[in-house]
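# Results of the structural survey
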Amino acid sequence: MVSSLRITIAVLPFIVLLSVCYVIMEHGLTQIENGIIRIDVESFQIHKNPEIKERAQRKEEDNVREQAKRHLWKQLVESCENKTLAKYLPRIIGIGVEKCGTGALYQFLDHHPFIRASSNVEAQYFDFVPGADRAENLHIYLDKLPLAEPHAYVFEKSPAYFSFPPYAIPAMIKKVVPEAKILLILCEPVARVLSDFEQHVAIYKKRGKHPKIKYFQNADEYVAKYLPIVNRYIGKWDEKEALAKSQQLLYYHKTDFLTGIITTGLYALHLKRWFQHYDQSNLMVIDGEDLFNDPGSVVEDVQEFVGLPKVLLKEDYVRDPETGFFCYKDWTNNDNLVCLKGPKQRTRNGNKSLNHVSISELKYFYESHNEALFSMIGRRLKWG
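Residues numbered from 1 in each chain as written. Predicted model: local features only at pLDDT ≥ 70, side-chain atom pairs only at ≥ 80, totals over all residues. Heavy atoms only, no water.

### Quick look at unusual backbone geometry
In this structure, the amide linkage connecting G96 to the following residue, V97, adopts the cis form with an omega of 5°. With respect to the helices and strands, the residue V97 is situated in the loop between β4 (92–94) and α4 (102–109). Its identity as a non-glycine residue notwithstanding, H210 has a phi of 50°, on the positive side. Assignment of secondary structure puts H210 in the loop between α9 (189–207) and α10 (219–233). A positive phi angle, close to 60°, is found at N334, a residue other than glycine. (Helix = DSSP H or I, 4+ residues; strand = E, 2+ residues; numbered from the N terminus.)

### Concerning empty space enclosed by the protein
Applying the stated rule across the entire model yields one cavity of 30 Å³ or more. There is about 30 Å³ of room inside the largest cavity. Taken together, E98, F164, D196, H200, H253, F257, G260, I261 and T264 form the lining of the largest cavity. Among the elements of the structure, α9 and α12 (260–263) are those that each provide at least two residues to the lining of the largest cavity. Classifying every residue of the lining of the largest cavity gives three nonpolar, four polar and two charged. (1 Å grid on protein atoms, 1.4 Å probe; cavity = no way out; pocket = protein on both sides within 12 Å on 5 of 7 lines; lining within 4 Å. Points joined across faces, edges and corners; volume = space filled by probe spheres on them. Nonpolar A, V, L, I, M, F, W, Y, C, P; charged D, E, K, R; others polar.)

### Points about the layout of surface pockets
The space that makes up the second largest pocket amounts to roughly 240 Å³. What lines the second largest pocket is a set of 15 residues, and nearest its centre among them are F197, E198, V201, Q217 and K352. For the lining of the second largest pocket, the element with the highest residue contribution is α9, accounting for seven residues. Split by residue class, the lining of the second largest pocket holds eight nonpolar, three polar and four charged.

### Re the sheet that holds strand β11 (residues 326–330)
Spatially, three strands are ordered β10-β11-β12 in an open sheet, and the strand pairing comes out antiparallel. Both edges of this open sheet fall to β10 (317–319) and β12 (336–338), since each of them pairs with a single strand only. This sheet shows a mean twist of 50° between the axes of neighbouring strands, independent of strand direction. With three bridges connecting them, β10 and β11 associate as antiparallel partners. Counterpart to V318 in the pairing with β11 is C327. (Pairing = 2+ DSSP bridges. Axes fitted to C-alpha atoms, helices over the stretch in contact; angles between N-to-C directions.)

### Section: the state of the cysteines
What we call a disulfide is simply a covalent bond connecting the sulfur atoms of a pair of cysteines. Applying the stated criterion across every chain yields a total of two disulfides. Sulfur-sulfur distance for the disulfide between C100 and C187 comes to 2.0 Å. Judged by the sign of its S-S torsion, about -65°, the bond between C100 and C187 is left-handed. A residue pair is termed long-range when its members are at least 10 positions apart, and C100 in the loop between β4 and α4 and C187 in the loop between β8 (181–186) and α9 qualify at 87 residues. The burial state of C100 is the same as that of C187; both residues are buried. Covalent S-S linkage joins C327 and C339, the inter-sulfur distance amounting to 1.9 Å. Between C327 and C339, the disulfide has an S-S torsion of 95° and is therefore right-handed. Remark: C339 occurs in the loop between β12 and α16 (356–377) and C327 occurs in strand β11; sequence separation between them is twelve residues. (Disulfide = S-S within 2.5 Å. Buried < 20%, exposed > 50% of the residue type's maximum accessible area, 1.4 Å probe, protein only.)

### Structural notes on the nonpolar core
With 95 residues, the main nonpolar core has L105, F126, Y161, L183, L186, W274 and L373 as its most contacted residues. In this structure L105 touches L183, I185, I286, L291, V298, V299 and V302, once residues within four positions along its chain are discounted. (Core = buried A, V, L, I, M, F, W, Y, C linked by side-chain atoms within 4.5 Å. Contact = heavy atoms within 4.5 Å.)

### Some thoughts on the pairing of strand β7 (residues 153–157)
Across the five residues that make up β7, a large majority, five, are buried. Residues of β7 alternate between two faces, with Y153, F155 and K157 on one and V154 and E156 on the opposite face, all of them buried. Looking at chain direction, strand β5 (residues 115–117) and β7 are connected through three bridges and run parallel. Bridge pairing links R116 to V154 in β7.

### As for the packing of helix α13 (residues 267–274) against α16
Relative orientation of the contacting elements α13 and α16 amounts to 35°, with a least axis distance of 8 Å. Counting all contacts with α13, which are made through Y267, A268, L269, L271 and K272, the residues of α16 involved are H369, A372, L373, M376 and I377. Residues of the contact of α13 with α16, tallied by class, amount to eight nonpolar, one polar and one charged.

### A word on α9
Because each turn of an α-helix spans 3.6 residues, side chains separated by three or four positions in sequence point in the same direction. Relative to the 27 Å expected for 19 residues at 1.5 Å per residue, α9 spans 26 Å between its end C-alpha atoms, a close match to the ideal helical length. Within α9 the residues assigned to the buried category are P189, V190, R192, V193, L194, S195, D196, F197, E198, Q199, H200 and V201. Turning to α9, the residues buried within the fold contact α10, α12, α13 and α16. (Expected span 1.5 Å × (residues − 1).)

This is the structure in structure tokens:
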């Protein structure tokens, strides 16, 4: 009896060891080198911990996705080599809205090997070039656009197109560039007023344009004067009067440019004229909050919408540790961060703000127009 007990105790460690080896080998967690069994501890931990396993799977998927991206990228670059360059009409047009991130999206997409962006940044052909029929002056338009390969995507952005006169801008673009895909970014209109006002102040100080802005010490003074004026002829949203009011606000924009700081945010009225010639199959509405908080996902969606090979990925856009704003991580240049150029984020840093009275009055003014917008596009934007 005692002898049997001693034998059982003696072999027990070997039984445990054999059981562990069975589990390890059952799940492929060993390697045999020169007759020595080596246990892959990390793989064993992954198997036992679902969260670690899930992270490992995601890491593997990301690696596969990254390698596929790099392979396709090289193919795209090679396809552009030794091709004859010429002037082509744009396949992508960013129409605004001013101060909602059109420039940011433009710079983020410019890293794509198939994108050819205008060096002049804003062509402003359809709102400023004289002549009612823009089709007769195409040489002027092409002069503003970059040289490109036959299969490249020329990208032009002019935020004024969305909300500036003449009323026929959408019709002219559809006639001159019928196959172009339109990109439209819509941001929260109250915050946009502040940003637009500050931009006008900066432009006046630099170039002397729109000198009436100098009479306002801040955006609150501007709102106090101009909101009653705009509210008098626009008021709440009225479906029956929408087209007439959209023409009316363009008239006031033409006669008193500063009204545009407020009227640009009447998105539903402006979209009325655009949706006479476009729908959401060729005009993409982008939520400005998404662009600000998750630009990589927006860039992926845009590539799919315009038909670009998807080589700019969500993970390529990371926050700058110093500014907190997103930058592009350039894998072709040792993952260096490429951040936005120019005076971007002028009001996002919190140094400028509207007082609570201006905010309250503007929100009330825009409320019915925002609801009309959400109904028009079939979804509610995050800032609404």
